[in-house]
Amino acid sequence: MAKAEETQGSGFDTIKLAVAVGLLVVGVLGFYWYADESLLFRVLGLLAVALVAIGIVFTTALGQSLAGFLKESRTEVRKMVWPTRAEATQTTLIVIVVVILVGIFLWLLDMFLAWGVRMFIGTGG
């Protein structure tokens, strides 16, 4: 396992993160402030502000470590062996059959226990 690297952010990184959060807050407030404008323009404006905020976050040490994590995650996902369509279909059908069988078993168990309780307390005909 790779040696864990500790990333320590500077005070400037904290300021960048605060600016990014501030931009997001201003973007959301602007989205609602301009409620009379077209929804398309408001959504595009909010997306633009969010992209700028994300860009600012990725310039910090925290953002760089997050980018590295995402890159490593993508590499690991590419290494996975995904099931074929036939395997996925067979597995799904097996799960459906097992669920139906367990449901029938629990239904019969419930009926048997209810019959037993009725016989025990004497209310069964």
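Residues numbered from 1 in each chain as written. Predicted model: local features only at pLDDT ≥ 70, side-chain atom pairs only at ≥ 80, totals over all residues. Heavy atoms only, no water.

**Q** Describe the packing of aromatic side chains, naming the residues involved and giving the relevant values.
**A** According to the stated counting rule, one finds 2 aromatic pairs in the structure shown. For the cation-ring pair, Arg42 lies above Phe31, with the distance from its terminal atom to the ring centre recorded as 4.4 Å. (Phe/Tyr/Trp six-rings, centres within 6.5 Å; stacked < 30°, edge-to-face > 60°. Lys NZ or Arg CZ within 6 Å of the ring centre and 35° of its normal.)

**Q** Describe in detail the side chain of Lys16, supporting the description with residues and values.
**A** With respect to the helices, strands and loops of the structure, Lys16 is situated in helix H1 (residues 11–33). Asp13 is the oppositely charged side chain nearest to the buried, salt-bridge-free Lys16, at an N-O distance of 4.4 Å. When residues no more than four places from it in sequence are discounted, the contact partners of Lys16 are Ile56, Thr59 and Thr60. (Helix = DSSP H or I, 4+ residues; strand = E, 2+ residues; numbered from the N terminus. Buried < 20%, exposed > 50% of the residue type's maximum accessible area, 1.4 Å probe, protein only. Lys, Arg positive; Asp, Glu negative; His and termini not counted. Salt bridge = Lys/Arg side-chain N within 4 Å of Asp/Glu carboxyl O. Contact = heavy atoms within 4.5 Å.)

**Q** Describe a nonpolar patch on the surface, listing the residues and the values that go with them.
**A** Among the surface-exposed residues, Ile94, Val98, Val102, Phe105, Leu106, Leu109, Phe112, Leu113, Trp115 and Met119 lie close enough to one another that they form a single nonpolar patch of about 1,000 Å² accessible area. Within the fold, Ile94 resides in helix H4 (residues 85–121). According to the relative accessible area criterion, Ile94 is exposed, its value standing at 54%. (Patch = residues over 30% accessible without salt bridge, like charges linked within 9 Å, V, L, I, M, F, W, Y side chains within 5 Å. Areas by Shrake-Rupley, 256 points an atom, 1.4 Å probe, with all protein chains shown as cover.)

**Q** Hey, could you go over the environment of Ala20 for me, with residue numbers and the actual values?
**A** Note on placement: Ala20 falls in helix H1. The exposure class of Ala20 is buried, given its relative accessible area of 2%. Taking the C-alpha atoms as reference points, Ala20 and Arg78, separated by 58 residues in sequence, lie 32 Å from one another. Ala20 has contacts with Ala53, Ile56 and Val57, leaving out every residue within four places of it along the chain.

**Q** Quick rundown of the confidence of the model for the protein? Include the residues and the values.
**A** In this model, the protein carries an average pLDDT of 90, and 91% of its residues clear a pLDDT of 70 or more. The weakest mean pLDDT in the protein belongs to helix H3 (residues 61–79) at 92; the strongest belongs to H4 at 96. Of the regions scoring below 50 in pLDDT, residues 1–7 engages in 2 contacts with residues more than four places distant in sequence or in other chains. (pLDDT = per-residue confidence, 0-100.)

**Q** So what about the pattern of salt bridges? Which residues, and what values?
**A** Counted by the stated rule, this structure contains 1 salt bridge. Measuring nitrogen to oxygen at the nearest pair gives 3.3 Å for the salt bridge that ties Lys79 to Glu76. With Lys79 and Glu76 both in helix H3, this residue pair falls 3 residues apart, about one helical turn.

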